[in-house]
Amino acid sequence: MSETALSRRVGSSADASRREHLAQRYREVRAHSLALAAPLSAEDQCIQSMPDASPTKWHLAHSSWFFEAVLLQPHAAGYRPFNERYLHLFNSYYESLGPRHPRPQRGLLTRPSLPEVHVYRERVDAAMLSLIAGAGASAWENAAPLLELGLNHEQQHQELIVTDIVHAFWCNPLLPAYLAGDAPVLRPGVEPRAVRWLELPGGVTTVGHRGAGFAFDNETPAHQVLLPPFLIADRLVTCGDYTLFIADGGYRRPELWLSDGWAAVQAQGWRAPAYWLAPGDPRAPSELWQVFGVHGVQPLDAAAPVAQISFYEAAAYAEWAGARLPTEFEWEAAYGAPKITQMDGEVWQWTRSSYDPYPGFRPLGGAVGEYNGKFMVGQVVLRGSSSGTPAGHGRASYRNFFPPAARWQFSGLRLAKDALR
């Protein structure tokens, strides 16, 4: 066999392997979305508890819309949309792809029904698997990166399915549980262990995504930053830690708060993290603090990371504790440091960094250029991942972002300090 023919054969084998890998991953990601929705009734899946949240049914449809609008229509020859009106109903914020149904009114979409949305997903799945298997070399070269983006996009919506339905159930006077069965073992009487302060030397550090593997465009380009020496806590702030802040009048002391944060405390009547029930709360009477979550109402676990707090609350707690929040670059520099714990898989961690583009940032081409860049104003960066983040979806360079008053996410904090020299 000639060298050229051998090269073609090896290349063909590698291409087929990659396609099969992505097809299997596609099936797994799509199945997981349906599994997350399975505990919910049709009524549960239609509700929208606030403008910032979306119904489960909308998440299921929108993630299908993404594959249809971004991959199938441009790259699958002869593809015709399942329903032209769905292109309007389930567009989130892509101005270049046409008008869309208003975000605060997604809960009004009782039609299409949930079974119709499932049929929509099935049709999109069939077309996507056909595209993966049969796209020509040129079409596949353009489609494969968008497929990776689409899968990671759906994983983001999987976390939103959980956070949004928990908020909806928090608004329900019955305080129902999203997940039935045994909750994790609680440790209501356990004192949080003392924080260990880890000293990092700072210096010139490379941050941002580099190397192989998927990353969103806002994680690029990798670049160097200069960090002064700093201290960072080896663990997250716990619920037990946070009760001391509350007991010390943390929500009544304006000197601890940023101006906008104090205004939010007064306007919203914040006295504890979202989903905390104070002793004597008539919705779930108890003599002790309780916390609402995916397993419904549970006794406060003093050793668990505090969650459902805003950036304002995180900053106020840090001020009260004689510390500060880490910058996102300090957080990334500390990722993987010896003795540091809880960097992934528990709560998103507020940083002291505004959500800005990295030097040299360029959005992706086409409609997906609207994915991240246009939100780079008025938001604060969170790092890590949470208990609601799909497995394998987090990484050191991952940048999440929310407005500073957002509280319905699994968001907590880790403390940092300036190193004394």
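In this text the structure is predicted, and so the values were computed from the model without any measurement. (Residues numbered from 1 in each chain as written. Predicted model: local features only at pLDDT ≥ 70, side-chain atom pairs only at ≥ 80, totals over all residues. Heavy atoms only, no water.)

(A) Expanded view of unusual backbone geometry. Note the cis peptide between Arg-111 and Pro-112, where omega equals 5°. Here Pro-112 lies in the loop between α3 (86-89) and α4 (114-134). The omega torsion of the bond from Thr-220 to Pro-221 falls at -5°, within 30 degrees of zero and hence cis. Positionally, Pro-221 belongs in the loop between β2 (203-207) and β3 (223-227). (Helix = DSSP H or I, 4+ residues; strand = E, 2+ residues; numbered from the N terminus.)

(B) Examining the side chain of Ser-353 more closely. Summarising the element assignment, Ser-353 is placed in strand β8 (residues 348-354). The buried category is assigned to Ser-353, whose relative accessible area is 12%. Once you skip the residues sitting within four places of it in the chain, Ser-353 turns out to touch Thr-327, Glu-328, Val-380 and Val-381. (Buried < 20%, exposed > 50% of the residue type's maximum accessible area, 1.4 Å probe, protein only. Contact = heavy atoms within 4.5 Å.)

(C) Spotlight on the nonpolar core. Core analysis: the biggest nonpolar cluster contains 99 residues, and Leu-71, Phe-90, Met-128, Leu-147, Tyr-242, Trp-350 and Leu-413 have the highest contact counts within it. A total of 14 residues in this core trace back to one element, the largest contributor, which is helix α5 (residues 137-170). Residue contacts for Leu-147: discarding those within four places in its chain leaves Leu-22, Tyr-26, Phe-67, Leu-71, Met-128, Ile-132 and Trp-140. Ranked by size, the runner-up nonpolar core spans 14 residues in total, among them Val-225, Leu-227, Trp-331 and Tyr-358. (Core = buried A, V, L, I, M, F, W, Y, C linked by side-chain atoms within 4.5 Å.)

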